[in-house]
Amino acid sequence: MTLPAAAISLFFSSAPAFADLKICNRMSYVVEAAIGIDDKAATATRGWFRIDPATCRVVVQGTLTADRILLHARALGVYGASPIPQNGHDLLCVAQENFVIAAARQCRSGQTQAAFTQVTPTQADDGNLVAYLAEDSEYDDEQARLAGIQRLLVIAGYDIGAIDGVDGPKTQGALAAFLKSRGLSSDAVSSPGFFKTLVDAAQTSTSGLTWCNDTPHKVMAAIATDDGKSVTSRGWYRIDPKTCLHPDLSGQPKQIFSFAEAVDSDNRAIRLKDKPLNWGGGKQLCTRETKFETNEQTDCGAHGFMATGFGVVDMSSGGKTLRFALP
């Protein structure tokens, strides 16, 4: 289950592996990348390499001898479910924290499988090899950086309008308000650590809606907003155990609704005493098992959806934290 919108594109052409290998991020998400190296009969993996929007990261230095190079990327947990589809056919071992795994086809304790995609990087003008991560929006570096800033400002509770990589009065107003709240000068926007500042703010924001998972299970959540004209529901957002998440809420909706359910490793609903472990309410809105976004809320079944009971979220105080706990 993934957020809608973003897709991953890997642009490569054949090139000899004789220089540093870099991964460049033209997505509006801060990502963590892992690489796999197939060399004769052995396959090794290493990660995670954190890469901000519009920046590059060297993942292998010097001459690289490999039959194949493979890549896996994930967005930071602050965004919810990863917006990067994982369509690779090679299932290799990774770990939750930084790792180097010499034999990556046989996972050991503490390791899990992830889908890796074979890539052939291009040779850049500086002689290095490079692979680009990109969205369907096909941002250039400047647009990716601005869209990345916009996306984190929204999660932190600021209204920037659309996340589109285009500058405008709303984006500038939200950015100025954010800088003032943190006691930062305008120069901070172009500093190397600005995305870390934004991520920290998004993770600790007390404005907007916050979901906190107090259970030992993974929780998948959906949100719906009523702008006075129509109700739009979308999901799913992954909330790992003992973590919190701020779903993106652009604009100023008149009403907000929430639904969440605990699931196992196969994304099957967890049941306690023969009842599903979920948190919702009596407002019937449309969802489906895979990622979705829809403003069609009548006759869900006829449109390929199912009716799900959402709860109303009281946002009268400007912020609300919903905690999901075992009964």
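Look up a bit, the structure's there.
S.K.: Is there a simple way to think about the sheet that holds strand β4 (residues 42–51) in this case?
M.R.: Backbone-to-backbone hydrogen bonds join strands into a sheet, with any given pair of strands oriented parallel or antiparallel. With antiparallel pairing, six strands are arranged side by side in an open sheet as β7-β9-β6-β3-β4-β8. Each edge of the open sheet is held by one strand with a lone partner, namely β7 (90–95) and β8 (99–101). The average undirected angle you get between the axes of adjacent strands in this sheet is 30°. Direction of pairing for strand β3 (residues 31–39) relative to strand β6 (residues 68–75): antiparallel, over a ladder of eight bridges. Within the sheet, the bridge partner assigned to I35 lies in β6 and is L71.

S.K.: For this particular structure, what's the right way to read helix α2 (residues 169–182)?
M.R.: Counting along an α-helix, one turn takes 3.6 residues, and residues three or four places apart therefore face a common direction. Given a rise of 1.5 Å per residue, 14 residues ought to cover 20 Å, and the 20 Å separating the end C-alpha atoms of α2 matches this to within 8%. Regarding α2, the residues found buried are T171, A174, L175, F178 and L179. What you see down the axis of α2 is that its buried residues fit within an arc of 135°, all on one side. In α2, those exposed residues whose orientation departs by more than 90 degrees from the buried face are P169, K180 and S181. Contacts from the buried residues of α2 go to α1 (141–155) and α3 (194–204). Note on α2: the residue one or two positions beyond its end, G183, has a positive phi of about 65°.

S.K.: Even after reading the chapter, I still don't get the pattern of salt bridges, so can you show me in this structure?
M.R.: Any two side chains of opposite charge can pair, given that their charged atoms come close. With the rule as written, the count across this model stands at 13 salt bridges. A salt bridge links D90 to R68; the shortest N-O distance between them is 2.7 Å. Here D90, found in strand β7, pairs with R68, found in strand β6; they are 22 residues apart in sequence, far enough to count as distant. Residue R68 is classed as partly exposed on the basis of its relative accessible area, which comes to 22%. R238 serves as the salt-bridge partner of D240, at 3.2 Å between the closest nitrogen and oxygen. Judged by relative accessible area, R238 falls into the partly exposed class, the value being 27%. Overlapping salt bridges, with partners in common, bring together D38, R68, D90 and R105 in one network.

Cut-offs and rules
Residues numbered from 1 in each chain as written. Predicted model: local features only at pLDDT ≥ 70, side-chain atom pairs only at ≥ 80, totals over all residues. Heavy atoms only, no water. Pairing = 2+ DSSP bridges. Helix = DSSP H or I, 4+ residues; strand = E, 2+ residues; numbered from the N terminus. Axes fitted to C-alpha atoms, helices over the stretch in contact; angles between N-to-C directions. Expected span 1.5 Å × (residues − 1). Buried < 20%, exposed > 50% of the residue type's maximum accessible area, 1.4 Å probe, protein only. Arc of directions from axis to C-beta. Contact = heavy atoms within 4.5 Å. Salt bridge = Lys/Arg side-chain N within 4 Å of Asp/Glu carboxyl O.

Such coordinate-based values are descriptive only and should not be taken to indicate function.
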